[in-house]
Amino acid sequence: MPSFISHVSEGIQHITDWNGYDHMLFLLALAAPFALKDWLKVLKLATAFTLGHSLTLALAATNTIHFNRDLIEKLIPITIILTALTNLALLYKKNHSSNRLSYFITASFGLIHGMGFSSYFKMIYDEQSSFVQGLLGFNLGVEIGQLVILTGILGLLWIVLKTGLISQKTLTIAMSLLAFSLSLWLLFR
């Protein structure tokens, strides 16, 4: 019977797996407008995302909700595209990330990503273990994995900014356009 720790490990592995780079692209787009000093805002946004995907993951894994998998696979890159476009549109507004609407939108995008996670969770879930334990462990693992990825992204952005060769605004544009372009490719592949 899998332990809580093994479910946490599965969640970490799932979110950090390079084959699931769409999740990493979302985190890149989410973190693009921030500096290292804004880590708490990024953490709050990531947690809102986790709450959203935890809800739909639980509902989908218990067959409470049903959805078209192909539609979800198209909606995931759209969430990344919209996040990147929002970054570009809000470049000139201060504190755009701290308002409640940003958290609501990020949590809503988490709902979509949670449906994407659900088939993987169903695949790894062992019916002999506690469903709640498995779900909590997996979601905790996803959150830990997200924090590792976000720490890496914010650290790299900090290093690039410290060189003085590029401004925060230019870096936000570059990272948002990268996430946008790769997600557009995902959408139409």
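In what follows, the accompanying structure is described.

1. Re helix H1 (residues 4–16)
Helical geometry: 3.6 residues make up each α-helical turn, so side chains three or four residues apart lie on a common side.
Working step 1: Taking 1.5 Å of rise per residue, 13 residues should cover 18 Å, and H1 covers 19 Å from first to last C-alpha, within 8% of that figure.
Working step 2: Those residues of H1 not exposed but buried are His7, Val8, Gly11, His14 and Ile15. Take H1 and look down its axis: the buried residues cluster within an arc of 125°, on one side only.
Working step 3: For H1, the elements touching its buried residues are helix H2 (21–31), helix H5 (100–124) and helix H6 (131–162).

2. Things to note about the side chain of Asn87
Working step 1: Of note, Asn87 is situated in helix H4 (residues 69–89).
Working step 2: One polar contact links Asn87 to Ser176, side chain to side chain, over a distance of 3.1 Å.
Working step 3: Contacts of Asn87, omitting those with residues within four sequence positions, involve Ala29, Ala32, Pro33, Thr172 and Ser176.

3. What about a nonpolar patch on the surface?
Working step 1: There is a patch of nonpolar side chains on the surface, built from Phe4, Ile5, Val132, Leu136, Leu140, Ile144 and Val148 and spanning about 640 Å² of accessible area.
Working step 2: At 5 residues, H6 tops the list of elements feeding residues into the nonpolar patch.
Working step 3: Of the residues examined, Leu140 reaches a relative accessible area of 39% and is grouped as partly exposed.

4. Considering the pattern of salt bridges
Working step 1: All told, the structure shown has 2 salt bridges when counted by the stated rule.
Working step 2: Asp38 is paired through a salt bridge with Lys37; the nearest N and O atoms lie 3.5 Å apart.
Working step 3: For Asp38, a relative accessible area of 13% puts it in the buried group.
Working step 4: The salt bridge partner of Arg69 is Glu73, with a shortest N-O separation of 3.1 Å. With a gap of 4 residues between them, Arg69 and Glu73 both fall in helix H4, about one helical turn apart.

5. Re the environment of Leu57
Working step 1: Relative to the elements of secondary structure, Leu57 occurs in helix H3 (residues 39–61).
Working step 2: Leu57 gets classed as buried once you look at its relative accessible area, which sits at 0%.
Working step 3: Taking the C-alpha atoms as reference, Leu57 lies 35 Å from Tyr92; in sequence the two are 35 residues apart.
Working step 4: Here Leu57 is in contact with Gly114, Phe117, Ser118, Phe121, Leu135, Phe138 and Asn139, once residues within four sequence places are set aside.

6. Focus on the packing of H5 against H6
Working step 1: Interaxial distance between H5 and H6 falls to 11 Å at its minimum, and their mutual angle equals 130°. Classified by the angle between their axes, H5 and H6 sit oblique to one another. In this structure, H5 meets H6 at a crossing whose hand is right-handed. Of H6, the residues touching H5 (which contributes Phe117, Tyr120, Phe121 and Ile124) are Phe131, Gly134, Leu135, Phe138 and Val142.

Cut-offs applied
Residue positions are given per chain, counting from 1 as you read along its sequence in written order. Two thresholds apply to this predicted model, a pLDDT of at least 70 for residue-level local features and 80 or more for giving and counting side-chain atom pairs, whereas whole-chain, interface and lining totals are computed over all residues. The side-chain figures draw on all heavy atoms in the structure; neither hydrogens nor water molecules are used. Helix and strand labels come from DSSP, where a helix needs a run of H or I of at least four residues and a strand needs a run of E of at least two; each type is numbered from the N terminus. Here the expected length of a helix is defined as 1.5 Å per residue gap, with one fewer gap than residues. Under the scheme applied here, a residue whose accessible area is under 20% of the maximum for its type counts as buried, over 50% as exposed, and between as partly exposed, the area being computed with a 1.4 Å probe on protein chains only. Working note: the arc is built from the helix axis to C-beta atom directions. The criterion used for residue contact is that any of the two residues' heavy atoms lie within 4.5 Å. Whenever a nitrogen or oxygen atom comes within 3.5 Å of another N or O atom, the pair is scored as a polar contact, on the condition that within protein one atom can donate a hydrogen and the other can accept it, and that pairs from neighbouring residues in sequence are kept only if both atoms are in side chains. Patch construction takes residues with relative accessible area above 30% that form no salt bridge. Like charges are linked within 9 Å, and nonpolar side chains (Val, Leu, Ile, Met, Phe, Trp, Tyr) are linked within 5 Å. For every accessible area listed, the method is Shrake-Rupley and the probe measures 1.4 Å; residues are considered covered only by the protein chains on display. Every case where a carboxyl oxygen of Asp or Glu lies within 4 Å of a side-chain nitrogen of Lys or Arg is listed as a salt bridge. An axis is simply a line fitted to the C-alpha atoms; with a helix, the fit covers only the stretch in contact. Between two such axes, the angle follows the N-to-C directions and lies from 0 to 180 degrees. Here roughly perpendicular refers to angles of 65 to 115 degrees, roughly parallel to angles under 35, roughly antiparallel to angles over 145, and oblique to all remaining angles. What makes a crossing left-handed is the near helix being turned counterclockwise from the far one by less than a right angle; a clockwise turn instead makes it right-handed.

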